[in-house]
Structure formats: structure tokens, C-alpha cells
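Examining the three-dimensional arrangement
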Amino acid sequence: MLRPMTGGDREQVIGLIKATRFFLPDEIKVAEELIDIYLNQPEQQDYKIEVVEDQTGKVAGYITYGPTPLTEGTWDLYWIAVSPEVQSQGYGRLLVRHLEDEVKENGGRLVIIETSSQPKYLPTRKFYEKLGYREMARIPDFYRSGDDRVIFGKYLREKE
Ligand SMILES: CC(C)(COP(=O)(O)OP(=O)(O)OC[C@H]1O[C@@H](n2cnc3c(N)ncnc32)[C@H](O)[C@@H]1OP(=O)(O)O)[C@@H](O)C(=O)NCCC(=O)NCCS
């Protein structure tokens, strides 16, 4: 089941972000900040967060995304994570497909995802490519020396 995140999910979501062992402490802090903006400022329009539950009702994964300011129809996928226990079972795909449906329903046309060129992110880049995203730009040495910012994107009306 896929549904908007609620306050009751907060601990589970932060727990699964940490459990991926993928993110640095500063990155986890930023993820938490976005979650708290979403939960505590119901009037805000910048971030949407959805969770997907497994068959037992446990939160299996979550996604944060929103319209890119000052654009017409461009959206950013800010964050996605699936619990390590249930990765490779289709939850990530479900979350991204849902984001794409939402973007289309809101008149959006382009989804952008920024990621890192570190080898650690290779599986993540493969995941995005599998879902039809393509590398559109790259800024060398962006995050740190030897770590590029890789920008993936997908025009939603184009054929995959
Ligand atoms: C990236 C991530 C969200 C993918 O979620 P997931 O539920 O494991 O992925 P899915 O099972 O939905 O996979 C969808 C497709 O991507 C492919 N894929 C997923 N993980 C992959 C990997 N490690 N290597 C290659 N392909 C992969 C799958 O083969 C699948 O295609 P298929 O259905 O044709 O086999 C999840 O692995 C994760 O949380 N990773 C750590 C955190 C992260 O990298 N977040 C993104 C950075 S913000």
C-alpha cells in the first residue's frame, strides 16, 4: 500500500534511511529536515512524501519529491530509500512510478534526480536507468574532488 507519510511513520522512515547504511550523518540530517517540514508545515507545497508498506504493514520505503521552483513542469526527486530487508522486490519502482503519475497529474513533464558518481552509487544509477532515466549532465568534482554531481532526467511523455 502506498500512502502519504504521517507523523506515526517518522521513526520507521528515519530507521530505514539509517538501515540502508548508505547515507552520511549530514545527509541523514537533511533527510530529517525535509521530513519535518513536510510533517509540521501542512500548508507548504514544496515537498511531497509518500511511504509504501509491505504485506505486514511495515514501512518498506519512502520517497520525497516536489516541483522545482521557478520552472514550468519540472520536478525533483529529492530522496528515495527502501529498507535493505526488502530491496529488489519492486518497492523502489512502485515509488518512482507513483511519483511519475503524480507529476503528470499536476501537469509536470520532466523529472530530475541528482546523484553522485561514487562507485557506491552505481547500483542506484542502474536502478534509475532501469526506470528510463538518462544522464543529462555532469559537474566534475562537485561534491568533493573526484566525486561528480550526476544529473539524471526523464521527460515523461517520451517513450522509454
Ligand atoms: C535504489 C533503491 C531505492 C531501489 O529500490 P528497490 O526496491 O531495491 O528497487 P526495485 O526492486 O524496485 O528495482 C527496480 C528495478 O531496478 C533494478 N535494480 C534495483 N537495484 C539494483 C541494483 N542494485 N543493481 C542493478 N539494478 C538494480 C532492478 O533490477 C529492477 O528491475 P527489474 O524489475 O527489471 O529487475 C534501493 O535499493 C535503496 O534504497 N538503495 C539505497 C539508498 C539509495 O541509493 N537511494 C537513492 C539515493 S537518494
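Look up a bit, the structure's there.
My aim in this report is to walk through the structure given alongside it, one point at a time.

Procedures and definitions
- Residues numbered from 1 in each chain as written.
- Predicted model: local features only at pLDDT ≥ 70, side-chain atom pairs only at ≥ 80, totals over all residues.
- Heavy atoms only, no water.
- Salt bridge = Lys/Arg side-chain N within 4 Å of Asp/Glu carboxyl O.
- Buried < 20%, exposed > 50% of the residue type's maximum accessible area, 1.4 Å probe, protein only.
- Helix = DSSP H or I, 4+ residues; strand = E, 2+ residues; numbered from the N terminus.
- Patch = residues over 30% accessible without salt bridge, like charges linked within 9 Å, V, L, I, M, F, W, Y side chains within 5 Å.
- Areas by Shrake-Rupley, 256 points an atom, 1.4 Å probe, with all protein chains shown as cover.
- Near = heavy atom within 4 Å.
- Polar contact = N/O pair within 3.5 Å; in protein donor to acceptor, adjacent residues only side chain to side chain.
- Nonpolar A, V, L, I, M, F, W, Y, C, P; charged D, E, K, R; others polar.
- Contact = heavy atoms within 4.5 Å.
- Core = buried A, V, L, I, M, F, W, Y, C linked by side-chain atoms within 4.5 Å.

The next thing to look at is the pattern of salt bridges. A pair can form between side chains of opposite charge whenever their charged atoms are brought close. Scanning all chains against the criterion turns up 13 salt bridges. In this structure, D9 and R3 form a salt bridge, with 2.8 Å as the shortest nitrogen-oxygen distance. With a relative accessible area of 4%, D9 lands in the buried category. Between E100 and K154 there is a salt bridge, with the nearest N and O atoms lying 3.1 Å from each other. Separated by 54 residues along the polypeptide, E100 in helix α3 (residues 91-105) and K154 in strand β7 (residues 147-155) bring together distant segments of the chain. On the accessibility criterion, E100 (6% relative accessible area) is buried. On the basis of relative accessible area, K154 is assigned to the buried category, the value being 3%. Each of the salt bridges in this network shares a partner with another, and the network as a whole consists of R10, E11, E32 and D36.

On to a nonpolar patch on the surface, then. A cluster of nonpolar side chains, I139, F142 and Y143, forms an exposed patch at the surface whose accessible area comes to about 250 Å². Note on placement: Y143 falls in strand β6 (residues 134-144). Using a relative accessible area of 34% as the deciding quantity, one classes Y143 as partly exposed.

Taken together, the neighbourhood of the ligand is formed by 18 residues, with V82, S88, G90, R93 and T124 sitting nearest. Take I80: an N or O atom from its main chain is 2.8 Å from a nitrogen atom of the ligand. Between the ligand and V82 there is a distance of 2.8 Å, counted from an oxygen atom to a backbone nitrogen or oxygen. Secondary structure elements with two or more residues in the shell around the ligand: β4 (74-82), α3 and α4 (122-130). For the shell around the ligand, the class distribution of residues is nine nonpolar, six polar and three charged.

In this structure, T115 sits in strand β5 (residues 110-116). Here T115 is in contact with Y121, R125, Y143, D148, R149, V150 and F152, once residues within four sequence places are set aside.

Glancing now at the nonpolar core. Judged by nonpolar contacts, the single largest core of 22 residues is most densely connected at I63, L77, I80, V96, L99, V111 and Y133. Counting residues per element, the ones that place at least two in this core are β3 (59-67), β4, α3, β5 and β7. Ranked by residue count, the leading element in this core is α3, at five residues. Setting aside chain neighbours within four positions, we find Y133 in contact with V96, L99, E100, V111, I113, Y128, F152, G153 and K154.

In this section: unusual backbone geometry. A positive phi angle, near 55°, is found at R21, a position not held by glycine. By secondary structure assignment, the location of R21 is in the loop between α1 (10-19) and α2 (25-40). We classify R21 as exposed; its relative accessible area is 76%. With a phi close to 55°, D141 is a non-glycine residue in the positive phi region. Note on placement: D141 falls in strand β6. Note on D141: relative accessible area 45%, which makes it partly exposed.

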